[in-house]
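Residue-level structural notes
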Amino acid sequence: MAAIICFNANAQSVTIRYEERANIENQLKNVTDPETRKRVSAHLSKPTNYLLYYDNGVSFYIAEPEADKNEELGLKDNDQAKKIEIGKNNGGLYKNQKTNEYLHEADILGKKFLVTDQLSKYAWTITGEAKTIGSYKVKKATAKINGENIIAWYMPDLPIQDGPKDYYGLPGLIIELIGEKKTYQAVKVATNKSGLIITKPSKGEKVNKERYYKILNEKINELKQGIGNSLGN
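For clarity, every value in this text was computed on a predicted model and none was experimentally measured.

A few points about the overall build of the chain
- The helix and strand tally for the chain stands at three helices and 15 strands.
- Within the chain, the fraction of its 233 residues that count as buried is 42%.
- Long-range pairs, those at least 24 residues apart, make up 62% of the contacts in the chain between residues at least 6 apart in sequence.
- For the chain, the accessible surface area stands at approximately 13100 Å², while carbon and sulfur atoms represent 48% of it.

And the structure:
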């Protein structure tokens, strides 16, 4: 889907709608049962919309509420700054490039965590390759992040060093990001005329990234073992 971009090149307050899609073949490469592949593929083929609220180096990324999908990015024009109530939503991811803060409200099987850490510095390689998405010129960058090969297409005309999920740090907004498991594409970018007030997430047991992913992987393995045991009975 081509991106729809409506922005002022000098704007430092924008809202971006991203479409997240699973890279199905990569996720199913170890699944051989035809029925399982069909069922999982049908589930993974459904895209999810996310919103990235960005204001002068501070951003918040969250799944778009169903009620907002037919609205203009869930924002209404008025003369006052819009207040994004981060603490009222689960799964929100906060990045502050001024203070180097990373905060993520997460849920693992009903238990809430507040992942508190520093922003990671990614070793991006800018390749010089260029293309257009819609009518906008983007450039290619690559990196290996958490063991995963990443390709990002960023837009120098909008010099905002941010992007979907916890990806950031390029000299332009990331319009498309291709990972091994998921692809993210900006489908709309709009300037916030009166700015945003972004507050920090605060709910959940505090853990750092390393501890959070250890807990998450343990729970995933427990679920896989449980499914395997049930199939063996």
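On we go.
Considering the nonpolar core
- Among the nonpolar cores identified, the biggest contains 41 residues, and Ile16, Tyr18, Trp124 and Leu177 are the most heavily contacted of them.
- Broken down by element, this core gets its largest block of residues, five residues, from strand 11 (residues 148-155).
- Leaving out residues up to four positions away in the same chain, Trp124 has contacts with Ala141, Thr142, Ala143, Ile145, Ile150, Ala152, Tyr168, Gly169, Leu170, Ile174 and Leu177.
- Ranked by size, the runner-up nonpolar core spans nine residues in total, among them Leu51, Ile62, Tyr94 and Leu196.

Looking at the packing of aromatic side chains
- For the structure shown, the criterion picks out eight aromatic pairs.
- For the pair Tyr18 and Tyr61, a centre-to-centre distance of 6.3 Å together with 65° between the ring planes defines the contact as edge-to-face. Residue Tyr18 is located in strand 2 (residues 13-22), and its partner Tyr61 is located in strand 4 (residues 58-63); the two are separated by 43 residues in the primary sequence. Comparing Tyr18 with Tyr61, the two get one shared label, buried.
- The interplanar angle of 5° and the centroid separation of 4.9 Å between the aromatic rings of Tyr50 and Tyr61 together place this pair among those described as stacked. Taken together, the residues Tyr50 in strand 3 (residues 48-55) and Tyr61 in strand 4 connect sequence positions eleven residues apart. Tyr61 shares its class with Tyr50; the two are buried.
- For Lys131, the ring lying beneath its charged end belongs to Trp153, and the centroid distance is 4.4 Å.
- Across the ring face of Tyr102, the terminal group of Lys209 is positioned such that the distance to the ring centre comes to 4.0 Å.

Quick word on the pairing of strand 10 (residues 136-145)
- Summarising the sheet, strand 9 (residues 125-133) and strand 10 pair through six bridges and their orientation is antiparallel. Opposite Thr132, over in strand 10, you have Lys137 as the bridge partner.
- Counted between consecutive antiparallel strands, the loop separating strand 9 from strand 10 contains two residues, among which Gly134 sits at a positive phi close to 70°.
- Pairing between strand 10 and strand 11: seven bridges, direction antiparallel. Within the sheet, the bridge partner assigned to Ile145 lies in strand 11 and is Glu148.

Observations regarding the pattern of salt bridges
- Applying the stated rule across the entire model yields ten salt bridges.
- The partner of Glu64 in a salt bridge is Arg17, with the nearest N and O atoms 2.9 Å apart. Pair noted here: Glu64 is in the loop between strand 4 and strand 5 (82-84) and Arg17 is in strand 2, with a separation of 47 residues, a long-range link. Each member of the pair Glu64 and Arg17 is classed as buried.
- The salt bridge involving Glu19 is made with Arg21; its shortest N-O contact spans 3.1 Å.
- For Glu19, a relative accessible area of 12% puts it in the buried group.
- Judged by relative accessible area, which is 37%, Arg21 ranks as partly exposed.

Looking at the side chain of His104
- Position of His104 relative to the elements: it lies in strand 7 (residues 101-108).
- Accessibility expressed as a relative area gives 15% for His104, which makes it buried.
- Apart from the residues lying within four places of it in its own chain, the contact partners of His104 are Gly91, Gly92, Leu93, Phe113, Leu114 and Val115.

Quick notes on the rules
Residues numbered from 1 in each chain as written. Predicted model: local features only at pLDDT ≥ 70, side-chain atom pairs only at ≥ 80, totals over all residues. Heavy atoms only, no water. Helix = DSSP H or I, 4+ residues; strand = E, 2+ residues; numbered from the N terminus. Buried < 20%, exposed > 50% of the residue type's maximum accessible area, 1.4 Å probe, protein only. Contact = heavy atoms within 4.5 Å. Areas by Shrake-Rupley, 256 points an atom, 1.4 Å probe, with all protein chains shown as cover. Core = buried A, V, L, I, M, F, W, Y, C linked by side-chain atoms within 4.5 Å. Phe/Tyr/Trp six-rings, centres within 6.5 Å; stacked < 30°, edge-to-face > 60°. Lys NZ or Arg CZ within 6 Å of the ring centre and 35° of its normal. Pairing = 2+ DSSP bridges. Salt bridge = Lys/Arg side-chain N within 4 Å of Asp/Glu carboxyl O.

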